Amino acid sequence: MFAYIVRRLLFIPFVFVGVTVMIVLLMQLLSPAQRAAAFVSSDAQLKNLDAIIEQYGLDEPFHVQYASWVGEALSGNLGFSTASSEPVATTIRKRLPASAELALVSLIPVIGLGIWLGTLAALNRDKAIDQITRLGAIVGWSLPNFVLGIWLLVLFYGGLGDVLREFAGGAFRLEPGRVSTEVAIQIANGTFPIRTNFLLIDSVLAGRPDVFWDALRHLVLPVITLAATSSALIMRVMRSSLLETLSQDYVRTARAKGLRDSVVHFKHARRNALIPVITLAGFTLIFLLNGVVITETVFNYPGLGRWFASAAVALDYPAIMGFTVLTAFIVVVGNLLVDVLYAIVDPRIRYG
(Lines give C-alpha, C1' and ligand atoms only; values in the text may rest on other atoms or scores of the structure.)
Protein backbone atom coordinates (compact mmCIF):
# COMPACT_ATOMS: atom_id res chain seq x y z
CA MET A 1 0.00 0.00 0.00
CA PHE A 2 2.79 2.43 0.94
CA ALA A 3 4.58 1.88 -2.39
CA TYR A 4 1.30 2.39 -4.23
CA ILE A 5 0.66 5.71 -2.48
CA VAL A 6 4.25 6.85 -3.16
CA ARG A 7 3.84 6.05 -6.86
CA ARG A 8 0.65 8.09 -6.97
CA LEU A 9 2.30 11.00 -5.12
CA LEU A 10 5.16 11.04 -7.62
CA PHE A 11 2.68 11.76 -10.39
CA ILE A 12 1.32 14.87 -8.68
CA PRO A 13 4.15 17.32 -9.60
CA PHE A 14 3.86 16.35 -13.28
CA VAL A 15 0.09 16.88 -13.19
CA PHE A 16 0.53 20.28 -11.54
CA VAL A 17 3.09 21.34 -14.13
CA GLY A 18 0.73 20.32 -16.94
CA VAL A 19 -2.20 22.15 -15.39
CA THR A 20 -0.26 25.34 -14.63
CA VAL A 21 1.23 25.39 -18.13
CA MET A 22 -2.29 25.27 -19.52
CA ILE A 23 -3.39 28.08 -17.20
CA VAL A 24 -0.50 30.34 -18.19
CA LEU A 25 -1.09 29.50 -21.86
CA LEU A 26 -4.71 30.59 -21.49
CA MET A 27 -3.53 33.82 -19.88
CA GLN A 28 -1.57 34.54 -23.08
CA LEU A 29 -4.93 35.18 -24.75
CA LEU A 30 -5.03 38.41 -22.73
CA SER A 31 -2.89 41.43 -23.57
CA PRO A 32 0.05 42.30 -21.26
CA ALA A 33 -1.95 45.27 -19.95
CA GLN A 34 -4.90 43.04 -19.05
CA ARG A 35 -2.58 40.60 -17.28
CA ALA A 36 -0.89 43.49 -15.49
CA ALA A 37 -4.31 44.54 -14.15
CA ALA A 38 -4.20 41.38 -12.05
CA PHE A 39 -1.55 42.99 -9.86
CA VAL A 40 -3.24 46.41 -9.56
CA SER A 41 -4.66 47.17 -6.12
CA SER A 42 -4.88 50.99 -6.22
CA ASP A 43 -5.54 53.86 -8.63
CA ALA A 44 -1.88 54.90 -8.43
CA GLN A 45 -0.77 51.49 -9.69
CA LEU A 46 -3.38 51.65 -12.45
CA LYS A 47 -1.53 54.63 -13.93
CA ASN A 48 1.75 52.69 -14.03
CA LEU A 49 0.83 49.54 -15.95
CA ASP A 50 4.08 49.68 -17.93
CA ALA A 51 6.08 49.43 -14.71
CA ILE A 52 4.00 46.41 -13.61
CA ILE A 53 4.49 44.76 -17.01
CA GLU A 54 8.23 45.22 -16.68
CA GLN A 55 8.31 44.13 -13.02
CA TYR A 56 6.53 40.83 -13.68
CA GLY A 57 7.99 40.27 -17.18
CA LEU A 58 4.58 40.14 -18.83
CA ASP A 59 6.06 40.97 -22.25
CA GLU A 60 8.82 38.35 -21.94
CA PRO A 61 8.88 34.95 -23.73
CA PHE A 62 6.45 32.31 -22.49
CA HIS A 63 8.95 30.27 -20.44
CA VAL A 64 10.06 33.41 -18.58
CA GLN A 65 6.46 34.38 -17.86
CA TYR A 66 5.69 30.84 -16.71
CA ALA A 67 8.63 30.81 -14.28
CA SER A 68 7.63 34.25 -12.98
CA TRP A 69 3.98 33.23 -12.54
CA VAL A 70 4.91 30.03 -10.71
CA GLY A 71 7.21 32.00 -8.41
CA GLU A 72 4.48 34.52 -7.61
CA ALA A 73 1.86 31.78 -7.13
CA LEU A 74 4.12 29.81 -4.77
CA SER A 75 4.67 32.97 -2.72
CA GLY A 76 0.90 33.40 -2.44
CA ASN A 77 0.53 36.27 -4.92
CA LEU A 78 -2.33 35.34 -7.27
CA GLY A 79 -3.25 38.93 -8.01
CA PHE A 80 -5.86 41.38 -6.74
CA SER A 81 -9.58 40.69 -7.04
CA THR A 82 -11.73 43.71 -7.81
CA ALA A 83 -14.84 41.67 -7.00
CA SER A 84 -13.78 41.22 -3.37
CA SER A 85 -11.50 44.30 -3.13
CA GLU A 86 -8.68 42.26 -1.65
CA PRO A 87 -5.93 39.85 -2.81
CA VAL A 88 -7.14 36.65 -4.44
CA ALA A 89 -5.25 34.45 -1.97
CA THR A 90 -6.86 36.28 0.96
CA THR A 91 -10.34 35.82 -0.50
CA ILE A 92 -9.73 32.11 -1.08
CA ARG A 93 -8.43 31.70 2.48
CA LYS A 94 -11.52 33.44 3.90
CA ARG A 95 -14.17 31.79 1.76
CA LEU A 96 -12.83 28.27 1.24
CA PRO A 97 -13.91 27.04 4.72
CA ALA A 98 -17.51 28.11 4.04
CA SER A 99 -17.66 26.22 0.75
CA ALA A 100 -15.82 23.22 2.22
CA GLU A 101 -18.25 23.09 5.13
CA LEU A 102 -21.21 23.13 2.75
CA ALA A 103 -19.66 20.45 0.51
CA LEU A 104 -18.67 18.14 3.38
CA VAL A 105 -22.08 18.38 5.07
CA SER A 106 -23.72 17.71 1.69
CA LEU A 107 -21.55 14.64 1.17
CA ILE A 108 -23.17 12.86 4.13
CA PRO A 109 -26.69 12.63 2.63
CA VAL A 110 -25.27 12.25 -0.89
CA ILE A 111 -23.30 9.10 -0.11
CA GLY A 112 -25.50 7.73 2.67
CA LEU A 113 -28.77 8.20 0.82
CA GLY A 114 -27.35 7.12 -2.53
CA ILE A 115 -25.87 3.85 -1.22
CA TRP A 116 -28.90 3.04 0.92
CA LEU A 117 -31.44 3.64 -1.84
CA GLY A 118 -29.27 1.90 -4.44
CA THR A 119 -28.94 -1.17 -2.22
CA LEU A 120 -32.65 -1.13 -1.45
CA ALA A 121 -33.54 -0.93 -5.14
CA ALA A 122 -31.15 -3.72 -6.16
CA LEU A 123 -32.34 -6.11 -3.44
CA ASN A 124 -35.96 -5.45 -4.45
CA ARG A 125 -35.43 -5.51 -8.20
CA ASP A 126 -38.53 -4.77 -10.31
CA LYS A 127 -40.69 -4.42 -7.20
CA ALA A 128 -42.63 -1.29 -6.31
CA ILE A 129 -39.84 0.14 -4.13
CA ASP A 130 -37.36 -0.32 -6.99
CA GLN A 131 -39.64 1.53 -9.42
CA ILE A 132 -40.20 4.37 -6.95
CA THR A 133 -36.50 4.87 -6.20
CA ARG A 134 -35.59 4.74 -9.90
CA LEU A 135 -38.26 7.31 -10.70
CA GLY A 136 -37.03 9.53 -7.86
CA ALA A 137 -33.45 9.21 -9.14
CA ILE A 138 -34.47 10.25 -12.65
CA VAL A 139 -36.38 13.26 -11.32
CA GLY A 140 -33.53 14.27 -9.02
CA TRP A 141 -30.92 13.92 -11.76
CA SER A 142 -33.02 15.82 -14.28
CA LEU A 143 -33.83 18.76 -12.02
CA PRO A 144 -31.41 21.72 -12.41
CA ASN A 145 -29.90 22.91 -9.14
CA PHE A 146 -30.99 26.51 -9.56
CA VAL A 147 -34.62 25.48 -10.22
CA LEU A 148 -34.75 23.27 -7.14
CA GLY A 149 -33.02 25.95 -5.07
CA ILE A 150 -35.52 28.63 -6.09
CA TRP A 151 -38.44 26.29 -5.43
CA LEU A 152 -37.11 25.53 -1.94
CA LEU A 153 -36.61 29.23 -1.24
CA VAL A 154 -40.14 30.07 -2.36
CA LEU A 155 -41.62 27.17 -0.42
CA PHE A 156 -39.74 27.36 2.89
CA TYR A 157 -38.57 30.97 3.02
CA GLY A 158 -41.76 32.39 1.56
CA GLY A 159 -44.83 30.17 1.67
CA LEU A 160 -44.15 27.91 4.65
CA GLY A 161 -41.76 30.23 6.51
CA ASP A 162 -44.40 31.74 8.79
CA VAL A 163 -46.07 28.36 9.33
CA LEU A 164 -42.79 26.73 10.41
CA ARG A 165 -41.90 29.63 12.69
CA GLU A 166 -45.33 29.52 14.33
CA PHE A 167 -45.19 25.71 14.65
CA ALA A 168 -41.74 25.82 16.30
CA GLY A 169 -42.49 28.82 18.47
CA GLY A 170 -40.28 31.14 16.42
CA ALA A 171 -37.18 28.96 16.86
CA PHE A 172 -37.12 27.37 13.39
CA ARG A 173 -36.36 29.50 10.36
CA LEU A 174 -34.87 28.45 7.03
CA GLU A 175 -33.15 31.52 5.61
CA PRO A 176 -30.60 32.41 2.93
CA GLY A 177 -27.09 33.27 4.02
CA ARG A 178 -24.64 31.48 6.30
CA VAL A 179 -25.89 32.72 9.67
CA SER A 180 -28.64 34.93 11.05
CA THR A 181 -28.17 38.66 11.53
CA GLU A 182 -27.79 38.20 15.30
CA VAL A 183 -24.90 35.73 14.92
CA ALA A 184 -23.31 37.84 12.16
CA ILE A 185 -23.21 40.80 14.58
CA GLN A 186 -21.58 38.62 17.24
CA ILE A 187 -18.93 37.51 14.72
CA ALA A 188 -18.30 41.09 13.61
CA ASN A 189 -17.84 42.47 17.13
CA GLY A 190 -15.79 39.48 18.31
CA THR A 191 -18.35 38.15 20.80
CA PHE A 192 -18.24 34.83 18.94
CA PRO A 193 -14.59 33.86 18.26
CA ILE A 194 -13.69 32.54 14.81
CA ARG A 195 -10.89 29.96 14.94
CA THR A 196 -11.23 27.73 11.87
CA ASN A 197 -13.98 29.58 9.96
CA PHE A 198 -15.86 26.27 9.92
CA LEU A 199 -18.80 27.57 11.92
CA LEU A 200 -20.03 24.14 13.02
CA ILE A 201 -16.59 23.36 14.46
CA ASP A 202 -16.07 26.85 15.91
CA SER A 203 -19.43 26.73 17.67
CA VAL A 204 -18.52 23.38 19.27
CA LEU A 205 -15.11 24.72 20.34
CA ALA A 206 -16.77 27.82 21.82
CA GLY A 207 -19.50 25.79 23.55
CA ARG A 208 -22.22 27.68 21.68
CA PRO A 209 -25.05 25.28 20.70
CA ASP A 210 -27.18 28.24 19.63
CA VAL A 211 -24.62 29.18 16.94
CA PHE A 212 -24.25 25.53 15.92
CA TRP A 213 -28.00 25.26 15.40
CA ASP A 214 -28.10 28.60 13.61
CA ALA A 215 -25.33 27.59 11.16
CA LEU A 216 -26.80 24.11 10.66
CA ARG A 217 -30.30 25.29 9.76
CA HIS A 218 -28.81 27.71 7.23
CA LEU A 219 -27.19 24.68 5.56
CA VAL A 220 -30.43 22.68 5.24
CA LEU A 221 -31.78 24.09 1.98
CA PRO A 222 -28.39 24.36 0.15
CA VAL A 223 -27.55 20.78 1.21
CA ILE A 224 -30.89 19.48 -0.09
CA THR A 225 -30.30 21.31 -3.38
CA LEU A 226 -26.82 19.83 -3.82
CA ALA A 227 -27.73 16.36 -2.55
CA ALA A 228 -30.76 15.86 -4.80
CA THR A 229 -28.71 15.57 -7.98
CA SER A 230 -25.60 13.83 -6.67
CA SER A 231 -27.36 11.22 -4.53
CA ALA A 232 -29.54 10.29 -7.51
CA LEU A 233 -26.43 9.50 -9.58
CA ILE A 234 -24.82 7.45 -6.80
CA MET A 235 -28.09 5.57 -6.27
CA ARG A 236 -28.20 4.58 -9.95
CA VAL A 237 -24.58 3.43 -9.98
CA MET A 238 -24.95 1.53 -6.70
CA ARG A 239 -28.04 -0.29 -7.95
CA SER A 240 -26.39 -1.34 -11.23
CA SER A 241 -23.14 -2.38 -9.55
CA LEU A 242 -24.89 -4.44 -6.86
CA LEU A 243 -27.12 -6.18 -9.39
CA GLU A 244 -24.05 -7.17 -11.40
CA THR A 245 -22.24 -8.35 -8.27
CA LEU A 246 -25.19 -10.45 -7.10
CA SER A 247 -25.01 -12.42 -10.35
CA GLN A 248 -21.36 -13.41 -9.81
CA ASP A 249 -20.35 -17.04 -9.15
CA TYR A 250 -18.86 -16.35 -5.72
CA VAL A 251 -22.18 -14.94 -4.53
CA ARG A 252 -24.00 -18.06 -5.70
CA THR A 253 -21.35 -20.15 -3.95
CA ALA A 254 -21.87 -18.21 -0.72
CA ARG A 255 -25.61 -18.86 -0.93
CA ALA A 256 -25.01 -22.56 -1.70
CA LYS A 257 -22.94 -22.78 1.49
CA GLY A 258 -26.05 -21.77 3.41
CA LEU A 259 -25.01 -18.27 4.44
CA ARG A 260 -27.78 -15.91 5.46
CA ASP A 261 -28.97 -13.41 2.87
CA SER A 262 -27.85 -10.49 5.05
CA VAL A 263 -24.30 -11.89 5.17
CA VAL A 264 -24.24 -12.53 1.41
CA HIS A 265 -25.65 -9.13 0.54
CA PHE A 266 -23.86 -6.83 2.96
CA LYS A 267 -20.58 -8.66 3.69
CA HIS A 268 -19.73 -10.24 0.35
CA ALA A 269 -21.66 -8.50 -2.42
CA ARG A 270 -21.97 -4.87 -1.34
CA ARG A 271 -18.27 -4.37 -0.60
CA ASN A 272 -17.30 -5.25 -4.17
CA ALA A 273 -20.25 -3.28 -5.51
CA LEU A 274 -18.92 -0.18 -3.73
CA ILE A 275 -15.80 0.09 -5.93
CA PRO A 276 -17.38 2.19 -8.71
CA VAL A 277 -19.39 4.09 -6.08
CA ILE A 278 -16.17 5.11 -4.28
CA THR A 279 -14.74 6.41 -7.51
CA LEU A 280 -17.92 8.36 -8.15
CA ALA A 281 -18.08 9.62 -4.55
CA GLY A 282 -14.58 11.09 -4.85
CA PHE A 283 -15.50 12.95 -7.98
CA THR A 284 -18.77 13.98 -6.33
CA LEU A 285 -16.83 15.74 -3.57
CA ILE A 286 -14.77 17.51 -6.22
CA PHE A 287 -17.99 18.47 -7.99
CA LEU A 288 -19.50 19.74 -4.74
CA LEU A 289 -16.45 21.87 -3.97
CA ASN A 290 -16.38 23.33 -7.45
CA GLY A 291 -20.03 23.12 -8.37
CA VAL A 292 -21.42 25.25 -5.57
CA VAL A 293 -21.37 28.38 -7.73
CA ILE A 294 -25.07 28.35 -8.55
CA THR A 295 -26.24 27.02 -5.19
CA GLU A 296 -24.26 29.60 -3.19
CA THR A 297 -25.55 32.36 -5.47
CA VAL A 298 -29.19 31.28 -5.08
CA PHE A 299 -28.94 31.03 -1.28
CA ASN A 300 -26.70 34.10 -0.83
CA TYR A 301 -24.13 31.83 0.81
CA PRO A 302 -20.77 33.66 1.24
CA GLY A 303 -18.46 30.99 -0.17
CA LEU A 304 -16.12 30.66 -3.12
CA GLY A 305 -18.97 29.96 -5.53
CA ARG A 306 -20.74 33.28 -4.99
CA TRP A 307 -17.43 35.14 -5.20
CA PHE A 308 -16.58 33.37 -8.47
CA ALA A 309 -20.02 34.17 -9.92
CA SER A 310 -19.63 37.89 -9.17
CA ALA A 311 -16.03 37.81 -10.47
CA ALA A 312 -17.09 36.18 -13.74
CA VAL A 313 -19.80 38.80 -14.31
CA ALA A 314 -17.29 41.61 -13.60
CA LEU A 315 -14.56 40.01 -15.81
CA ASP A 316 -12.31 39.85 -12.78
CA TYR A 317 -9.47 37.88 -14.46
CA PRO A 318 -7.28 37.38 -11.34
CA ALA A 319 -10.22 35.93 -9.41
CA ILE A 320 -11.12 33.63 -12.29
CA MET A 321 -7.54 32.41 -12.68
CA GLY A 322 -7.18 31.95 -8.92
CA PHE A 323 -10.37 29.91 -8.80
CA THR A 324 -9.05 27.83 -11.72
CA VAL A 325 -5.78 27.11 -9.90
CA LEU A 326 -7.69 26.11 -6.77
CA THR A 327 -9.96 23.88 -8.83
CA ALA A 328 -6.95 22.14 -10.39
CA PHE A 329 -5.45 21.58 -6.93
CA ILE A 330 -8.71 20.13 -5.59
CA VAL A 331 -9.06 17.81 -8.60
CA VAL A 332 -5.49 16.50 -8.27
CA VAL A 333 -5.77 15.88 -4.53
CA GLY A 334 -9.26 14.41 -4.95
CA ASN A 335 -8.00 11.99 -7.59
CA LEU A 336 -5.22 10.90 -5.24
CA LEU A 337 -7.71 10.20 -2.44
CA VAL A 338 -9.93 8.25 -4.82
CA ASP A 339 -6.96 6.12 -5.94
CA VAL A 340 -6.03 5.36 -2.32
CA LEU A 341 -9.60 4.45 -1.38
CA TYR A 342 -9.82 2.34 -4.51
CA ALA A 343 -6.75 0.36 -3.43
CA ILE A 344 -8.13 -0.09 0.10
CA VAL A 345 -11.42 -1.53 -1.14
CA ASP A 346 -9.92 -3.64 -3.95
CA PRO A 347 -6.43 -5.01 -3.00
CA ARG A 348 -5.89 -6.27 -6.56
CA ILE A 349 -5.29 -2.68 -7.67
CA ARG A 350 -2.22 -2.31 -5.42
CA TYR A 351 -0.48 -5.07 -7.30
CA GLY A 352 -1.72 -4.20 -10.78
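Quick note: structure is the one above.
Note that the structure is predicted; figures quoted are calculated from it, not measured. Within any chain, residue numbers begin from 1 and follow the written order of that chain's sequence. Under the rules for a predicted model, residues below a pLDDT of 70 receive no local features and side-chain atom pairs below 80 are neither given nor counted, while totals for whole chains, interfaces and linings still include all residues. As a rule here, side-chain values come from all non-hydrogen atoms in the structure, and water together with hydrogens is ignored.

Draft legend 1. A look at the overall build of the protein chain. The numbering of helices and of strands both runs from the N terminus, where a helix is a DSSP run of H or I of at least 4 residues and a strand a run of E of at least 2. Counting secondary structure elements, the protein chain contains 17 helices and two strands. Viewed in the frame of its principal axes, the protein chain has a C-alpha envelope of about 80 × 60 × 40 Å. Any residue under 20% of the maximum accessible area for its type is buried, any over 50% is exposed, and the rest in between are partly exposed; the area is computed with a 1.4 Å probe on protein chains only. Taking all 352 residues of the protein chain together, the buried fraction comes to 41%. Sequence-distant contacts, at least 24 apart, represent 69% of the contacts inside the protein chain between residues at least 6 apart. A total accessible area of about 18500 Å² is found for the protein chain, and carbon and sulfur atoms account for 67% of it. Between two residues, a contact is recorded if the distance between any of their heavy atoms is within 4.5 Å. Only the protein chains shown count as cover for residues, with accessible areas throughout obtained via the Shrake-Rupley method and a probe of 1.4 Å.

Draft legend 2. Main features of the pattern of salt bridges. The term salt bridge refers to a pairing of a side-chain nitrogen on Lys or Arg with a carboxyl oxygen on Asp or Glu at a separation within 4 Å. Across all of its chains, the model carries seven salt bridges by this definition. E86 is the salt-bridge partner of K94, the closest N and O atoms lying 3.0 Å from each other. Residue E86 is classed as buried on the basis of its relative accessible area, which comes to 16%. Taken together, the shared-partner salt bridges in this structure form one network comprising D130, R134 and R239.

Draft legend 3. Representation of the side chain of R95. Secondary-structure assignment places R95 in helix 6 (residues 88–123). For the buried R95, which has no salt bridge, the nearest side chain bearing the opposite charge is E86, at an N-O separation of 5.7 Å. Here a polar contact is recorded for every N or O atom pair within 3.5 Å, except that within protein the pair must consist of a potential hydrogen donor and a potential acceptor, and residues adjacent in sequence are included only if both atoms are side-chain atoms. Of note is the side chain of R95, whose polar atom sits 3.0 Å from the backbone oxygen of G303. Under the counting rule used here, the positive set is Lys and Arg, the negative set is Asp and Glu, and His together with the chain ends is not counted.

Draft legend 4. Quick peek at the nonpolar core. Counting residues in hydrophobic clusters, the biggest one holds 30 residues, and the most contacted among them are I92, L102, L219, L304 and W307. Those elements that provide at least two residues to this core are helix 6, helix 11 (199–205), helix 12 (209–246), helix 14 (261–290), helix 16 (304–313) and helix 17 (317–345). No other element matches the seven residues that helix 6 contributes to this core. Excluding residues within four positions of it along the chain, L219 makes contact with E101, L102, V105, L200 and Y301. In plain words, nonpolar cores are sets of buried Ala, Val, Leu, Ile, Met, Phe, Trp, Tyr and Cys residues tied together by side-chain atoms within 4.5 Å. In terms of nonpolar packing, the next biggest core, distinct from the first, is built from 16 residues, M238, L246, A269 and L280 among them.

Draft legend 5. Summary view of a negative patch on the surface. A patch is a set of surface residues, each over 30% in relative accessible area and not in a salt bridge, joined within 9 Å for like charges and within 5 Å for the nonpolar side chains Val, Leu, Ile, Met, Phe, Trp and Tyr. For this purpose, a charge sits on NZ of Lys, CZ of Arg, CG of Asp or CD of Glu. On the surface, a cluster of negative charge is made up of D50, E54, D59 and E60. When you line up the elements, E54 lands in helix 4 (residues 49–56).

Draft legend 6. How the structure looks around helix 1 (residues 2–27). For helix 1, with 26 residues, the first-to-last C-alpha span of 38 Å sits near the 38 Å given by 1.5 Å per residue. Turning to helix 1, its buried residues are Y4, I12, T20, I23, V24 and M27. How far a helix is expected to stretch is found by multiplying one less than its residue total by 1.5 Å.

Draft legend 7. Looking closely at the environment of L9. If you trace the backbone, L9 turns up in helix 1. Residue L9 is classed as partly exposed on the basis of its relative accessible area, which comes to 41%. Sequence-wise, L9 and D59 are 50 residues apart; in three dimensions their C-alpha atoms are separated by 35 Å.

Draft legend 8. Main features of the packing of helix 1 against helix 5 (residues 62–74). Two elements in contact, helix 1 and helix 5, have axes separated by 10 Å at closest approach and are oriented at 115°. Regarding helix 1 and helix 5, the two cross each other, and that crossing is right-handed. Residue-level inspection shows V17, T20, V21, I23, V24, L25 and M27 of helix 1 in contact with helix 5, the latter providing F62, Y66 and W69. Charged means Asp, Glu, Lys or Arg here, nonpolar means Ala, Val, Leu, Ile, Met, Phe, Trp, Tyr, Cys or Pro, and polar covers whatever is left, Gly included. Tallied by class, the residues present in the contact of helix 1 with helix 5 amount to nine nonpolar, one polar and no charged. Here an axis means a line fitted to C-alpha atoms, over the contact stretch when the element is a helix, while the angle between two N-to-C directions is reported on a 0 to 180 degree scale. Note on convention: near helix rotated counterclockwise from far helix by under a right angle means a left-handed crossing. Clockwise means right-handed.

Draft legend 9. Inspection of the packing of helix 7 (residues 128–142) against helix 12 at higher detail. Interhelical geometry of helix 7 versus helix 12 gives an angle of 135° and a closest axis separation of 8 Å. Put simply, helix 7 runs oblique to helix 12. Of the two possible hands of crossing, helix 7 and helix 12 adopt the one that is left-handed. Contacts between helix 7 and helix 12 involve D130, T133, R134, A137, I138, G140 and W141 from the former and A228, T229, A232, L233, M235, R236 and R239 from the latter. Taken together, the residues of the contact of helix 7 with helix 12 sort by class into seven nonpolar, three polar and four charged. Each angle gets one of four labels, with under 35 degrees taken as roughly parallel, over 145 as roughly antiparallel, 65 to 115 as roughly perpendicular, and the rest as oblique.

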